[in-house]
Amino acid sequence: MTNANLLLTPVTIGGKTIQNRFAVGAMECNDSDDEGNPSDATYARYEKYFAGGSGFISLEAITCQRESVSSLHQLSVTPTNAKPLEKFVRHLKSINKDTIFVFQLTHSGEVGHPVLSKPVRVTEEPLYGYEHARLIGESEVAVIMDQIVEGAKIAHAAGADGIDLKLCTGYLGAQILRPFNKGNWKYGGSWEKRRQFAFDLTERIMKEVNDPTFIIGSKVTVYEGIPGGQGSAGPDTALMDLTESIDLVRGLEERGVSYIIEAAGAPRHTEDLSKTDRTKPYIGYLHFYFQNVLRGALKPETKVIGNCYSLYRDGGLKTFPAVKPENNTLAFWGNKNIQDGVVDLVSLGRQSLADPSVPKKMAENKDAEIKWCIGCDNCTVFLISQEGGGCAAYDPSLAEKLKEIKRRQ
Ligand SMILES: Cc1cc2nc3c(=O)[nH]c(=O)nc-3n(C[C@H](O)[C@H](O)[C@H](O)COP(=O)(O)O)c2cc1C
């Protein structure tokens, strides 16, 4: 392997060149104000991401319609949020104008918060556990699509560099793509119909935003790990068959997307596959396989952003068997996977909450100062407790808040 740190080399996405291969993964932290606008806490989080030097930053899942929030204080991108979002982006770009900043446009569908939102489903037979979600038809899906296109236009007007059309983590885009969406309707039944939801949205966003410099991409679950989930061979089997996932990303590429963020699993159904657990972190190696499949399916100019790199850290997590710690670090795998053509960029989710300055510290040879994610997943505890959060391992005020949450439980 080359001695150069490939993580610190430039890469071009959608015509814009960024200075390193680090991406901040989308991380909902439930800290908007009551209207879904960025609050002081949201500003503080993103200021750190922008100062940390990552080439690419995903604004967490932002809902295009208030009634589908996944948590009480999820960010929103509706017409009433336009001005506050514009101010937010302007402020962040004043910290670092060179990073690519995309909004992850989303609708929660059946996994919308059961009390705080109105969960909806597109399958006549509900997915087990989601019987409470209301069945919607084509006309309501059409309205949702209009809202997502509107969200893209608001993101563009706000000064974002692009969007991430969310087709992952069990949200509505994923629910429509799944083989389990087997009923015969406009976007259900055959693969040709299911994939059309993503294709129609991509084409509409391209046309209606009408700016060739606006970067469109998608975080795609390659294999969901539930029977009938994305990347399974049929509606009632969990057998892995990536034919549809490959066809999806190629179809998105044909329509002009510039990047794909790899994902696997879904937090509510197959949590350890979607973000590796520190007691069995080797599940993360599966993500390398999925990244390689995507990289092999796409043209070189369509960039693949690999996910689930947080727990490699400095090799210090003791629960990886059969591998020398020095051959199991973020730097080792990031470099190797870029060199081997497995991936173009690496995304850091939980690590970005623990320390958003990994790129800056690596560039300054200050790796020893990096505060590594300990994989405690308390960032998820904040989210499911409907509290604004972040990394309690390194933020004493959040550590206090966590104690309070645990006392209440
Ligand atoms: C608190 C929390 C919030 C998350 N929010 C989102 C989100 O808004 N959108 C998304 O696609 N993934 C979300 N994820 C998943 C992460 O982006 C990432 O895929 C996952 O944590 C694995 O990467 P990591 O090992 O670098 O943490 C979230 C994860 C956590 C822990």
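The paragraphs below set out a description of the structure included in this document. Computed from a predicted model, the values in this text were never measured in an experiment.

**Points about the nonpolar core**
Nonpolar side chains tend to gather and get buried jointly when the protein is soluble and globular. Core analysis: the largest hydrophobic core is formed by 104 residues, its most contacted members being Phe103, Leu105, Ile163 and Ile260. Examining the composition of this core, we find that seven residues originate from one element, helix H3 (residues 138-158), more than from any other. The residue makeup of this core includes at least three contributed by each of domain 1 (6-373) and domain 2 (376-409). Excluding its chain neighbours within four sequence positions, the residues that come into contact with Phe103 are Leu59, Ile62, Val77, Ala155, Ala160, Ile163 and Asp164.

**A closer look at the sheet that holds strand E3 (residues 22-24)**
If you trace the eight strands once around the closed barrel, you get E3-E4-E5-E8-E9-E12-E13-E14, paired in parallel fashion. With direction set aside, neighbouring strand axes in the sheet form an average angle of 30°. Bridge count for strand E13 (residues 303-306) against strand E14 (residues 345-348) is two bridges, and the pairing is parallel. Following the sheet pairing, Gly306 is matched in E14 by Val346. Here H3 sits on the sheet in contact with strand E5 (100-106) and strand E8 (162-165), set at roughly 160° to E5.

**Regarding the site of the ligand**
Around the ligand, a shell composed of 25 residues is seen, among which Gly25, Ala26, Ala61, Ser310 and Gly349 lie nearest. Looking at the shell around the ligand, the elements with two or more residues in it are strand E4 (56-63), helix H10 (350-354) and helix H12 (378-384). For the shell around the ligand, the leading source of residues is H12, giving three residues. Of the residues assigned to the shell around the ligand, the class counts are eleven nonpolar, nine polar and five charged. Domain assignment of the residues forming the shell around the ligand places at least three in each of domain 1 (6-373) and domain 2 (376-409).

**Details of the pairing of E5**
Judged by how many residues are buried, E5 sits mostly within the fold: seven of seven residues are covered. Burial along E5 is two-sided: Ile100, Val102, Gln104 and Thr106 facing one way and Phe101, Phe103 and Leu105 facing the other are all buried. For the handedness criterion, the β-α-β arrangement of E4, helix H2 (residues 82-95) and E5 is classed as right-handed. As paired strands, E5 and E8 are joined by four bridges and run parallel to one another. Of the residues in E8, the one forming a bridge with Phe103 is Ile163.

Criteria and cut-off values
Residues numbered from 1 in each chain as written. Predicted model: local features only at pLDDT ≥ 70, side-chain atom pairs only at ≥ 80, totals over all residues. Core = buried A, V, L, I, M, F, W, Y, C linked by C-beta atoms within 7 Å. Buried ≥ 20, exposed ≤ 12 C-beta atoms within 10 Å, placed from the backbone. Helix = DSSP H or I, 4+ residues; strand = E, 2+ residues; numbered from the N terminus. Domains from an automatic or database assignment. Contact = placed C-beta atoms within 7 Å. Pairing = 2+ DSSP bridges. Axes fitted to C-alpha atoms, helices over the stretch in contact; angles between N-to-C directions. Near = placed C-beta within 6 Å. Nonpolar A, V, L, I, M, F, W, Y, C, P; charged D, E, K, R; others polar. Right-handed = clockwise from strand over helix to strand, strands pointing away.

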